[in-house]
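Tertiary structure, described
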Amino acid sequence: MSLKDSDDTEADKLERIIQQLVTEIIKKRECAMVSSMNSNTTDYLGMLLKANHDTAGRDEIIFEEIIDEYKMFCDAGQETTQTLLSRTISLLALHTDWQDKAREEMSMIINETLRLYPPTVATARKVKKETRLGKFTLPEGTRMGVPVRSLHHDSKIWGEDTHLFKPERGIAEVTNGNPSAFLPFSLGP
């Protein structure tokens, strides 16, 4: 007989919760496959469920095995990703000459992603003082909408390949330093 401390009791409780959640996920997917005659078994869970329903019996697995396999698969995916990121950060800490290169490359990638998929598709602005905008005069206090996504996809600014993911295009170079041409976070208040 073994005595359980509070950590063991908490671990058991969490294990039951995980078991319940995974079971619900699997049963929901199984119902969808059976009810719609969906034979999509190309992902890992689909293959496990197909093996569970194999009428020939030679590849049949029991439901508890599906649960265990699925939990192991999810856990392994999380662990490997954490290990990869941890080792990458450690290597960058050791090789400081690569930190600036990584920052530059990552900034280019993030900026291009923000250009293609801005967090807001439009924003509102209030004119602080009378302003000329092209052939229009906007009086002080005028509220106007700024179509961020349209601006970020304007081929006059970004070129004919505006729809393509090209981090090397360089935000500052393309916009000629005009901060109003790249507004992923609306350029402030």
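Residues numbered from 1 in each chain as written. Predicted model: local features only at pLDDT ≥ 70, side-chain atom pairs only at ≥ 80, totals over all residues. Heavy atoms only, no water.

1. Digging into the packing of aromatic side chains
Counted under the stated rule, the structure contains 1 aromatic pair. Between Trp 158 and Phe 182 the ring centres are 6.5 Å apart and the planes differ by 70°, which places this aromatic pair in the edge-to-face class. With Trp 158 in helix 6 (residues 155–158) and Phe 182 in the segment after helix 7 (171–175), this pair connects stretches of sequence that are 24 residues apart. Across the pair, exposure class does not vary: Trp 158 and Phe 182 are buried alike. The ring of Trp 98 has Lys 101 sitting right over it, with the charged end atom 4.2 Å from the ring centre. The side chain of Arg 115 reaches across the aromatic face of Trp 158, ending 5.1 Å from its centre. (Phe/Tyr/Trp six-rings, centres within 6.5 Å; stacked < 30°, edge-to-face > 60°. Helix = DSSP H or I, 4+ residues; strand = E, 2+ residues; numbered from the N terminus. Buried < 20%, exposed > 50% of the residue type's maximum accessible area, 1.4 Å probe, protein only. Lys NZ or Arg CZ within 6 Å of the ring centre and 35° of its normal.)

2. Thoughts on a nonpolar patch on the surface
Together, Met 106, Ile 109, Ile 110 and Phe 165 make up a nonpolar patch on the protein surface, roughly 360 Å² of accessible area in all. Looking at the secondary structure, you find Ile 110 in helix 4 (residues 97–116). (Patch = residues over 30% accessible without salt bridge, like charges linked within 9 Å, V, L, I, M, F, W, Y side chains within 5 Å. Areas by Shrake-Rupley, 256 points an atom, 1.4 Å probe, with all protein chains shown as cover. Salt bridge = Lys/Arg side-chain N within 4 Å of Asp/Glu carboxyl O.)

3. What to know about the packing of helix 1 (residues 6–35) against helix 2 (residues 44–52)
Closest axis-to-axis distance for the helix 1/helix 2 pair is 11 Å, and the angle between their directions is 70°. On the basis of their axis angle, the class for helix 1 and helix 2 is roughly perpendicular. Two packed elements cross with a definite hand, and for helix 1 against helix 2 that hand is right-handed. Of the residues in helix 2, those in contact with Ile 26, Arg 29, Glu 30 and Met 33 of helix 1 are Leu 45, Gly 46, Leu 49 and Asn 52. Of the residues in the contact of helix 1 with helix 2, the class split is 4 nonpolar, 2 polar and 2 charged. (Axes fitted to C-alpha atoms, helices over the stretch in contact; angles between N-to-C directions. Parallel < 35°, antiparallel > 145°, perpendicular 65-115°, else oblique. Left-handed = near helix turned anticlockwise from the far one by under 90°. Contact = heavy atoms within 4.5 Å. Nonpolar A, V, L, I, M, F, W, Y, C, P; charged D, E, K, R; others polar.)

4. Describing the side chain of Thr 23
Note that Thr 23 resides in helix 1. You can call Thr 23 buried: its relative accessible area is 17%. From its side chain, Thr 23 meets the backbone oxygen of Gln 19 in a polar contact 2.7 Å long. Beyond its immediate chain neighbours, meaning those up to four positions away, Thr 23 contacts Phe 63 and Ile 67. (Polar contact = N/O pair within 3.5 Å; in protein donor to acceptor, adjacent residues only side chain to side chain.)

5. Description of the nonpolar core
Judged by nonpolar contacts, Val 22, Ile 26, Met 33, Leu 45, Leu 48, Leu 49, Phe 63, Ile 66, Ile 67 and Tyr 70 together constitute the single largest core of 10 residues. Listed by contribution, the elements that provide at least two residues to this core are helix 1, helix 2 and helix 3 (63–94). It is helix 3 that contributes the most residues to this core, 4 residues altogether. Not counting the four nearest positions on each side in its chain, Phe 63 is found in contact with Thr 23, Ile 26, Lys 27, Glu 30 and Asn 52. (Core = buried A, V, L, I, M, F, W, Y, C linked by side-chain atoms within 4.5 Å.)

6. Notes on the confidence of the model for the chain
Any region with low pLDDT has predicted coordinates that should not be read closely. Confidence along the chain averages 83 in pLDDT terms, with 90% of residues attaining 70 or more. Taking the mean pLDDT of every element in the chain, the minimum, 79, falls on helix 2 and the maximum, 93, on strand 3 (residues 136–138). (pLDDT = per-residue confidence, 0-100.)

7. Let's talk about a negative patch on the surface
Where like charges cluster on the molecular surface, the negative patch consists of Asp 5, Asp 7, Asp 8 and Glu 10. Tracing the backbone shows Glu 10 in helix 1. What makes Glu 10 partly exposed here is its relative accessible area of 41%. (Lys, Arg positive; Asp, Glu negative; His and termini not counted. Charge placed at Lys NZ, Arg CZ, Asp CG, Glu CD.)

8. Comments concerning helix 1
If you check helix 1, its first and last C-alpha atoms are 43 Å apart, about what 30 residues at 1.5 Å a residue would give, namely 44 Å. By the burial criterion, the buried members of helix 1 are Val 22, Thr 23, Ile 26, Glu 30 and Met 33. Of the residues flanking the start of helix 1, the one acting as N-cap is Asp 5, its side-chain oxygen 3.1 Å from the backbone nitrogen of Asp 7. (Expected span 1.5 Å × (residues − 1).)

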